[in-house]
Amino acid sequence: MKHNQGSRISCTKMASSRKITIYANKPACASSARLEERRRAAAAARSEKDRKPENKPDDFIRYEDSEEEDEEYSMHAVKYSKSFVDYLNIRERNGIYNAIERLRVSCEHGTRHMLTHEMFKEHNIKLGNMNKVFCSQWLSDRQVVFGTKCNKIMVYDVVTQKLDQIPSLVGRREQGPADGQCGIHAAQINPSRSLLATGARNSSEVAVYRLPTMDPVCLGEGAHGDWVFDMCWLDDQFLVSGSRDTRIALWRIRDELPVKEAEATDVPNYKTIVPVSVKDCKSAQKVRAITYNKAFEEVAALSLNGFIHIWNAHNFKQKLSRKLPSCQENVCLAVQDTGMYAVGCRSYTLLLDPRTLQPIKKVPSRYSGCGIRSASFLGDILTIGTGVGVLMFYDLKAGKYMESSLNQTRTVALKASKGWVYPDEEFMDVIQHIKYTPAIYTHCYDPSGTRLFTAGGPLPANLYGNYAGLWQ
């Protein structure tokens, strides 16, 4: 079957099922009445499109499609079903049917419905006297792992509401800046969800844990002389880290532990590894964020001097760097499945074309000077975490912020609770002369897209406090 722009399936539907013929030339759903109805609808659509106003010059002539193209269009239309009932019926079949009939559920359907109907409710998570949550990931449908500025790696169970601390890994030699413990800034899970990469006791080193047990696998050292700000997995073995020292390092993680060594002690042990390659990021000053673009097989890095840098993922060589329109507070970077980049700035989110790195659109913040602290894609939903405790949702298809179905004049936004700040928020209100709100440094959806974990803390670097909430 030929695939073109017009034959793509719309992601606005809840599910899609492709009917594959086994016998004859048409699938079972291709009844003559349905085919004829499709032909009439296509002909009416073409007639409406071809209709021109009077006195229009005939300098451009469009010819009717051939019967072969009509037949191809009709066959394509009947081979796809947007019915969720068809999806469930096909999924219930066994054996070869599941292999030949392609099924897909929209990853964002449930999220979009819950957001527009204002169904998300916040459940505040008390973190005690921890300081600022910088990163987070869902380990499973009930566990979230997150890292704090006070160098703690915590696992939160959303069912029992229990917090467990994971011991940090310590290297063989002390290195890095004097204030080596600046917090856990990154937590990334490999594609097969068997390994978790995060920060170590020394913030210039990389720690890898085995999932789901959280046993230590290895500690990476010798690559960076300053804090590691972000990481990304290229596949199940290769990991890339970016640091404040303007270096990017490539690691290879081999999760191989001999049986005899594993049985020798009940205490989990781990090995120390060195990077495969370490390179300076040209034209960069302090690598702040890094991500892997699977669609274009490249690594993108964001530096604090307002540049985005592209690296070839195959040979680990820097291809180009481009100055962004704004060089103020570029601290977060996200990539869509199609390859499009989103860069969080002080007052807007910048969407970039991955082929040219040209700006596609500037998504202005609805709150002046709030600062974009976190960003992520879920299908065509761009989720934006701000420095004033508000989470916003931009609909890429509609080209605007998502609107509430209950009130068309109101856009969808989630406002976080205050969390905890030292000495207290009343004192901060008096000192700053503004109402205290936490910054949302990190957020992540669960696998179903129906639960959202948000966390952060005070925006000023010299303030101590935390915030964490579960929206469901």
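From a predicted model like this one, the values you see are computed outputs, not experimental measurements.

Trainee: Where do I start with the overall build of the chain in this structure?
Mentor: Helix and strand content of the chain: seven helices and 34 strands. Counting only contacts in the chain whose residues sit at least 6 apart along the sequence, the fraction spanning at least 24 positions is 54%. Carbon together with sulfur atoms contributes 50% to the accessible area of the chain, which is approximately 24,300 Å² in total.

Trainee: Looking at this structure, how should I read the sheet that holds strand β7 (residues 153–157)?
Mentor: Hydrogen bonds between backbone groups are what pair the strands of a sheet, and the pairing can be parallel or antiparallel. The sheet built from four strands is open, its strands ordered β5-β6-β7-β8 with antiparallel pairing. Where the open sheet ends on each side, the last strands, each with one partner, are β5 (133–138) and β8 (162–166). Across the sheet, the mean angle separating the axes of adjacent strands is 25° when strand polarity is ignored. In this sheet, strand β6 (residues 143–148) lies alongside β5 in antiparallel orientation, the contact comprising five bridges. In the strand pairing of β6, Cys135 is matched with Gly147.

Trainee: Help me out: how do you make sense of the environment of Lys362 in this one?
Mentor: Here Lys362 is to be found in strand β25 (residues 359–364). Each C-alpha atom of the pair Lys362 and Thr349 lies 5.9 Å from the other, and the pair is 13 residues apart in sequence. When sequence neighbours within four positions are dropped, the list of residues in contact with Lys362 reads Pro325, Tyr348, Thr349 and Leu350.

Trainee: Looking at this model, I keep getting lost on unusual backbone geometry. Mind explaining?
Mentor: Where the residue is not glycine, phi is negative for most of them; where a peptide bond is considered, it is trans in most cases. Geometrically, the link from Leu211 to Pro212 is a cis peptide bond, its omega value of 5° lying close to zero. Inspection of the secondary structure assignment puts Pro212 in the loop between β11 (206–210) and β12 (215–220). For Gln161, which is not a glycine, the phi torsion comes out positive at approximately 60°. Mapped onto the fold, Gln161 is located in the loop between β7 and β8. Overall, Gln161 belongs to the exposed group, its relative accessible area being 59%. We note that Arg193 has phi near 55°; this positive angle belongs to a residue other than glycine. Within the secondary structure, Arg193 sits in the loop between β9 (187–189) and β10 (195–199).

Trainee: Would you take a moment to explain the sheet that holds strand β13 (residues 228–233) for this structure?
Mentor: If you trace the four strands from one edge of the open sheet to the other, you get β13-β14-β15-β17, paired in antiparallel fashion. Each edge of the open sheet is held by one strand with a lone partner, namely β13 and β17 (277–280). Strand-to-strand twist across the sheet, computed as the mean angle between neighbouring axes with direction ignored, equals 20°. Pairing of β13 with strand β14 (residues 238–243) involves five bridges; the strand directions are antiparallel. Bridge pairing in β14 places Val228 opposite Ser243.

Trainee: Even after reading the chapter, I still don't get the pattern of salt bridges, so can you show me in this structure?
Mentor: In a structure, side chains of opposite charge can pair up when their charged atoms sit close to one another. Applying the stated criterion across every chain, the model contains 13 salt bridges. For Asp226, the salt bridge identified is with Arg244, shortest N-O distance 3.2 Å. Taken together, the residues Asp226 in the loop between β12 and β13 and Arg244 in the loop between β14 and β15 (247–252) connect sequence positions 18 residues apart. The class for Asp226 is buried, based on a relative accessible area of 14%. For Arg244, a relative accessible area of 22% puts it in the partly exposed group. Taken together, the shared-partner salt bridges in this structure form one network comprising Glu108, Arg112 and Asp395.

Trainee: What is the right way to read the packing of aromatic side chains from this model?
Mentor: To describe a pair of aromatic rings, one takes the distance between the centres and the angle between the planes. Per the stated rule, a full pass over the model turns up six aromatic pairs. Relative to Phe453, the ring of Phe146 has its centre 5.9 Å away and its plane inclined at 25°; by these criteria the two rings are stacked. Here Phe453 lies in strand β33 (residues 452–457) and Phe146 lies in strand β6, a separation of 307 residues in the sequence. For Phe453, a relative accessible area of 1% puts it in the buried group. Across from the ring centre of Trp227, 3.7 Å away, lies the NZ or CZ of Arg244, which sits over that ring. A cation sits over an aromatic face here: Arg288 above Phe229, 4.6 Å from the ring centre.

Trainee: Just to check I follow, could you spell out the pairing of β8 for this structure?
Mentor: Looking along a regular strand, one sees the side chains alternate between the two faces of the sheet. Where β7 and β8 come together, five bridges link them in antiparallel fashion. When the sheet's bridge partners are listed, Ile153 is paired in β8 with Ile166.

Trainee: Quick question: what am I supposed to make of the environment of Gln237 here?
Mentor: Residue placement: Gln237 occurs in the loop between β13 and β14. The class of Gln237 is partly exposed, set by a relative accessible area of 29%. Each C-alpha atom of the pair Gln237 and Arg254 lies 6.5 Å from the other, and the pair is 17 residues apart in sequence. What Gln237 contacts, discounting residues up to four positions off in sequence, is Trp251, Arg252 and Ile253. Of note is the side chain of Gln237, whose polar atom sits 3.0 Å from the side chain of Arg252.

Parameters at a glance
- Residues numbered from 1 in each chain as written.
- Predicted model: local features only at pLDDT ≥ 70, side-chain atom pairs only at ≥ 80, totals over all residues.
- Heavy atoms only, no water.
- Helix = DSSP H or I, 4+ residues; strand = E, 2+ residues; numbered from the N terminus.
- Contact = heavy atoms within 4.5 Å.
- Areas by Shrake-Rupley, 256 points an atom, 1.4 Å probe, with all protein chains shown as cover.
- Pairing = 2+ DSSP bridges.
- Axes fitted to C-alpha atoms, helices over the stretch in contact; angles between N-to-C directions.
- Buried < 20%, exposed > 50% of the residue type's maximum accessible area, 1.4 Å probe, protein only.
- Salt bridge = Lys/Arg side-chain N within 4 Å of Asp/Glu carboxyl O.
- Phe/Tyr/Trp six-rings, centres within 6.5 Å; stacked < 30°, edge-to-face > 60°.
- Lys NZ or Arg CZ within 6 Å of the ring centre and 35° of its normal.
- Polar contact = N/O pair within 3.5 Å; in protein donor to acceptor, adjacent residues only side chain to side chain.

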